[in-house]
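The residues making up each chain are set out below.
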Amino acid sequence: MSGIDKIIEQIELDTKDICDKVIAEAQKKADAIIAEAQVKAQSIAADGKDKTAARVADIKKRGESAADLEEKRVMLYTKQSIIQTMLNEGLSAVKQLPDDEYFDLIAKMVEKYSMPENGEILFGEKDRRRMPADLPEKLSGIAKGSLALSDECAPIDAGFILRYGGIEQNCSFDAIFAGEAESLSDRAGKLLF
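Let me sum up the structure you'll find in this document. Fair warning: this is a prediction, and the values are worked out from it, not measured in the lab.

Some words on the overall build of the protein chain
For step 1, the next point in the chain: Helix and strand counts for the protein chain come out as six helices and four strands.
For step 2, the next point in the chain: The order of helices and strands in the protein chain, counted from the N terminus, is α-α-β-α-α-β-β-β-α-α.
For step 3, the next point in the chain: By the compact-globule yardstick of 16 Å for 193 residues, the protein chain is too spread out, its C-alpha radius of gyration being 47 Å.
For step 4, the next point in the chain: When the backbone C-alpha atoms are referred to their principal axes, the protein chain occupies close to 155 × 35 × 25 Å.

Written as structure tokens, this is what we have:
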């Protein structure tokens, strides 16, 4: 082998050593990058699991809250329906009292709602037909002022209207129940629930 061949062979060996070292170094760097990427991937996956678990828990909590709210809304509606039914039945029962009990109640209402002035009392057509003959005198005796029976019929189903000059006080059972609806609902709710 000639001197040039030996030099070429030496260069090839040196080049191969250098290439092997570069490849080994590159492999080390690649392995380090892959290891770092795997750590990051595991961290991202764990973070993703945590975030997913948190989202699932939040969705579940909101679902339970919505279900609880819907249950309360249905319960409130049901309670209000029951109370309204009771109030309607109570109003109907008052309107259907026997005449003596009905007009005793009217007398108590006149005593409560009358004013210490001269006025008149108006009844609906149905009550005018069934009222006892002595009712006007009885009512005049318990009213806080003078109270005359009007010849006019009131456009009401049950109860009466008190008129003092141009001022009317609606004491029909429908108006009283409507005016006292909230208070009656509260009392009925306390009794029922």
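Some remarks on the sheet that holds strand β3 (residues 159–164)
For step 1, the next point in the chain: Taken in spatial order, the four strands line up as β2-β1-β3-β4 in an open sheet, and their pairing is mixed. Each edge of the sheet is formed by a strand with only one pairing partner; in this case those strands are β2 (147–149) and β4 (167–172). Across the sheet, the axes of successive neighbouring strands diverge by a mean angle of 25 degrees, strand direction being ignored.
For step 2, the next point in the chain: Bridge count between strand β1 (residues 119–123) and β2: three bridges; the pairing is parallel. Among the inter-strand pairings, Glu 120 is bridged to a residue of β2, identified as Ala 148.
For step 3, the next point in the chain: Strands β1, β2, β3 and β4 of the sheet are contacted by helix α2 (residues 99–113), whose axis makes an angle of about 30 degrees with β3.

A closer look at the side chain of Asp 127
For step 1, the next point in the chain: Along the chain, the position of Asp 127 falls in helix α3 (residues 125–130).
For step 2, the next point in the chain: For Asp 127, a relative accessible area of 1% gives the class buried.
For step 3, the next point in the chain: Within the structure, the side chain of Asp 127 is placed 2.4 Å from the side chain of Tyr 102, a separation counted as a polar contact.

Section: the packing of aromatic side chains
For step 1, the next point in the chain: Tallied over the entire structure, the rule returns three aromatic pairs.
For step 2, the next point in the chain: Each residue in the set Tyr 102, Phe 103 and Phe 173 is aromatic and connected to the rest through ring pairs, giving one cluster.
For step 3, the next point in the chain: Across the ring face of Tyr 102, the terminal group of Arg 130 is positioned such that the distance to the ring centre comes to 3.9 Å.

Structural notes on the pairing of β4
On a regular strand, each side chain points to the face opposite its neighbour's, so the side chains alternate between the two faces of the sheet.
For step 1, the next point in the chain: With six bridges joining them, β3 and β4 adopt antiparallel strand pairing. Following the sheet pairing, Ile 161 is matched in β4 by Asn 170.
For step 2, the next point in the chain: Hairpin connection between β3 and β4: a loop of two residues separates the two successive antiparallel strands, and Gly 165 in this loop has a positive phi of roughly 65 degrees.

A closer look at the nonpolar core
For step 1, the next point in the chain: Ranked by internal contacts, the top residues of the largest apolar core, which has 23 residues, are Ile 106, Val 110, Ile 121, Phe 123, Leu 139, Phe 160 and Phe 173.
For step 2, the next point in the chain: Looking at this core, the elements with two or more residues in it are α1 (3–95), α2, β1, α4 (135–142), β3 and α5 (173–179).
For step 3, the next point in the chain: The element best represented in this core is α2, accounting for six residues.
For step 4, the next point in the chain: Leaving out residues up to four positions away in the same chain, Val 110 has contacts with Ile 121, Leu 139, Ala 143, Leu 147 and Phe 160.

Quick word on the environment of Gly 159
For step 1, the next point in the chain: Inspection of the secondary structure puts Gly 159 in strand β3.
For step 2, the next point in the chain: Considering only alpha carbons, one finds Gly 159 and Phe 123, 36 residues apart in sequence, at a separation of 6.7 Å.
For step 3, the next point in the chain: Sequence-distant contacts of Gly 159, that is, excluding residues within four places in its chain, are made with Tyr 102, Ile 106, Phe 123, Asp 127, Cys 171, Ser 172 and Phe 173.

What counts and how
- Residues numbered from 1 in each chain as written.
- Predicted model: local features only at pLDDT ≥ 70, side-chain atom pairs only at ≥ 80, totals over all residues.
- Heavy atoms only, no water.
- Helix = DSSP H or I, 4+ residues; strand = E, 2+ residues; numbered from the N terminus.
- Rg over C-alpha atoms; globule rule 2.2 N^0.38 Å.
- Pairing = 2+ DSSP bridges.
- Axes fitted to C-alpha atoms, helices over the stretch in contact; angles between N-to-C directions.
- Contact = heavy atoms within 4.5 Å.
- Buried < 20%, exposed > 50% of the residue type's maximum accessible area, 1.4 Å probe, protein only.
- Polar contact = N/O pair within 3.5 Å; in protein donor to acceptor, adjacent residues only side chain to side chain.
- Phe/Tyr/Trp six-rings, centres within 6.5 Å; stacked < 30°, edge-to-face > 60°.
- Lys NZ or Arg CZ within 6 Å of the ring centre and 35° of its normal.
- Core = buried A, V, L, I, M, F, W, Y, C linked by side-chain atoms within 4.5 Å.

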